[in-house]
Amino acid sequence: MSDQSVSRNPATSPLLLSARGLVKSYGRNRAVDGVDLDIPERAFTTFLGPSGCGKTTILRMIGGFETPDAGSLILDGRSLVGVPPERRPVNTVFQNYALFPHLTVFENVAFSLTLRRGAQDPAPRVKRALEAVHMGEFGARYPHQLSGGQQQRVAVARAIIAEPHLLLLDEPLSALDRKMRGHLQIELKDLQRRLGIAFVYVTHDQEEAFALSDVVVVMNKGKIAQKADPVTLYARPADSFVADFIGSATLVEGEVLACTPGNATIATPLGTITAPAIEGLQTGGRAALVLRPEHLQLDGCSGMILTAQVEHVVFKGDRYMIEAGIAGVTLRLMSNRPPEPGTLISIGFDPVASFITRIAT
Ligand SMILES: Nc1ncnc2c1ncn2[C@@H]1O[C@H](COP(=O)(O)OP(=O)(O)OP(=O)(O)O)[C@@H](O)[C@H]1O
Ligand SMILES: [Mg+2]
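Within any chain, residue numbers begin from 1 and follow the written order of that chain's sequence. In the order they appear in the text, chains get letters beginning with A and ligands get numbers beginning with 1. Residues qualify for local features only when their pLDDT is at least 70, as the model is predicted, and side-chain atom pairs are given and counted only at 80 or more; totals for whole chains, interfaces and linings, by contrast, use all residues.

Caption draft 1: Structural context of the overall build of the protein chain. The way it works is that DSSP assigns letters per residue, a run of H or I at least four long becomes a helix, a run of E at least two long becomes a strand, and they are numbered from the N terminus. Looking only at helices and strands, the protein chain features eight helices and 20 strands. Taking the principal axes of the C-alpha coordinates as reference, the protein chain spans close to 75 × 45 × 45 Å. A residue is called partly exposed when the number of other C-beta atoms within 10 Å of its own lies between 12 and 20, exposed at 12 or fewer, and buried at 20 or more, with C-beta atoms placed from the backbone. Among the 361 residues that make up the protein chain, the fraction classed as buried is 39%. In the protein chain, 65% of the contacts between residues at least 6 apart in sequence involve partners at least 24 apart. Note on contacts: residues are paired as contacts if their backbone-placed C-beta atoms lie within 7 Å.

Pasting the structure below:
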């Protein structure tokens, strides 16, 4: 099963793929605008960002389906420039399963092996690949006889059978329902650990990115906004775009009154607040305070006390999500009990738990 002794710390693993200054334009649109990347061996790296930010374009350049206008791509120490897709030690799983409808599951998985000259009997390898994705019993079926999740497992088996050094996955689970996605996320993560190969994954689903990844690369308009492990991204977002895109957050803008190492003080509509801060803020400049629901306590009595008016209450199954307004700012917090809309509530806020970051350009 998963081998915990293998180092997957991206800081210590050797580099597998390295890109510098990658650019790809379509007409006047810079889909990818100067991206640098270092992908370690064995790591699970995920590109996360809104629709159209360039995730698929990056994957297609790594896979060889798209030629960069500028920049370098080095895999295993060799340049990928001019190397066609089938000669790269890379395989891709696309969003739409793309299985051959007239071939059985077994034949679909065996297909890439039988293309190679002098290939040996593929049966044992096909069997191993299908077993790795828990589809060992399904070899004789045709794609239309499988559920979406099963088809996607077969697509993964087909992609790993040639033992690529790098597996690219472009939103492979997005067509599946939430529960199936959750199952397959766990399976994919487990598979990646067992195979010990690097996965580069694309999603616009933040929960999925967090569940799977060692490193998450957040993209915004063709550029990398931040590259970090999930915990750092959540607690120390590099700018307001990342803070807003990752998790639930209220961003409160204000003027920076003072900076000390690790902290800043800003004047906001909620009052003057000193909190941990990103490096490099300028006194007199603007910054954003990141308030997450867990920083705020209904009826809290420690830290700052904010009095806000309840705007909406939404039942979330385990708790209630409350939106409450104060000084033109809508705060979001969770509670076990639902306050009445329109009433005033007091909210405890401990600034030490929050974070002050840059305003994204
Ligand atoms: N073949 C193409 N021709 C012209 N424009 C393209 C082409 N492929 C992508 N684009 C444009 O490049 C930008 C980036 O597209 P890309 O597919 O990389 O986005 P994405 O981040 O994968 O988005 P999504 O989450 O919707 O899949 C978009 O503005 C898109 O319209
Ligand atoms: Mg895409």
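Still more to cover.
Caption draft 2: Representation of the site of ligand 1. A residue counts as near a molecule or strand when its C-beta atom, positioned from the backbone, falls within 6 Å of it. Every residue lining ligand 1 is accounted for by Tyr26, Asn29, Ala31, Gly49, Ser51, Gly52, Cys53, Gly54, Lys55, Thr56, Thr57 and His204. Those elements that provide at least two residues to the shell around ligand 1 are strand S2 (29-40) and helix H1 (55-63). Among the elements that make up the shell around ligand 1, the one with the highest residue count is H1 (three residues).

Caption draft 3: View of the sheet that holds strand S4 (residues 70-75). Paired strands are those between which DSSP finds at least two bridges. In spatial order, the strands read S2-S1-S4-S5; together these four strands make up an open sheet with antiparallel pairing. The outermost strands of the open sheet, each flanked by one partner alone, are S2 and strand S5 (78-79). Relative to S2, strand S1 (residues 15-26) is paired through nine bridges, and the arrangement is antiparallel. Directly across from Leu22, in S2, lies its bridge partner Val35. Here, axes are lines fitted to C-alpha atoms. For helices the fit covers the stretch in contact, and angles between N-to-C directions go from 0 to 180 degrees. Contacts from H1 reach S1, S2 and S4, with the element oriented near 120° to S1.

Caption draft 4: Focus on the sheet that holds strand S8 (residues 198-203). Judged by pairing direction, the sheet is mixed, and its six strands sit side by side in the order S6-S7-S8-S3-S9-S10 without closing on themselves. Because the sheet does not close on itself, it has two edges, and the strands there are strand S6 (90-93) and strand S10 (223-228). Between one strand axis and the next, the sheet turns through 20° on average, direction left out of account. Where strand S7 (residues 166-170) and S8 come together, five bridges link them in parallel fashion. Each residue of the ladder has a partner; that of Asp170, found in S8, is Val202.

Caption draft 5: Summary view of unusual backbone geometry. Phi at His134 is positive, roughly 60°, even though this residue is not glycine. Structurally, His134 can be placed in the loop between helix H3 (123-132) and helix H4 (148-160).

Caption draft 6: A look at the confidence of the model for the protein chain. For the protein chain, mean pLDDT is 90; residues scoring 70 or higher make up 95% of the total. Ignoring residues within four places in sequence, the model shows residues 1-7, a span with pLDDT below 50, making eight contacts including any to other chains. A residue's pLDDT is the confidence the predictor assigns to it, expressed on a 0 to 100 scale.

Caption draft 7: Summary view of the environment of Asp214. Note on placement: Asp214 falls in the loop between helix H6 (206-212) and strand S9 (215-220). Look at Asp214 and you get partly exposed, because 19 C-beta atoms sit within 10 Å. Residues Asp214 and Gly82 lie 132 residues apart in sequence; the distance between their C-alpha atoms is 30 Å.

Caption draft 8: Highlighting the domain arrangement of the protein chain. Where each domain begins and ends is defined by an automated method or by a domain database. Split by domain assignment, the protein chain resolves into domain 1 (15-235) and domain 2 (240-357). Computed from C-alpha coordinates alone, the two centres of domain 1 and domain 2 are separated by 37 Å. With eight residues of domain 1 in contact, the opposing surface of domain 2 contributes six residues. Of all elements in the fold, only S9, S10 and helix H7 (230-235) reach the threshold of two or more residues within the side of domain 1 that touches domain 2. Take the side of domain 1 that touches domain 2: its biggest share by element is three residues, from H7. Three classes are used: nonpolar for Ala, Val, Leu, Ile, Met, Phe, Trp, Tyr, Cys and Pro, charged for Asp, Glu, Lys and Arg, and polar for all others, with Gly counted as polar. When the residues that make up the side of domain 1 that touches domain 2 are grouped by side-chain class, the tally is five nonpolar, three polar and no charged.

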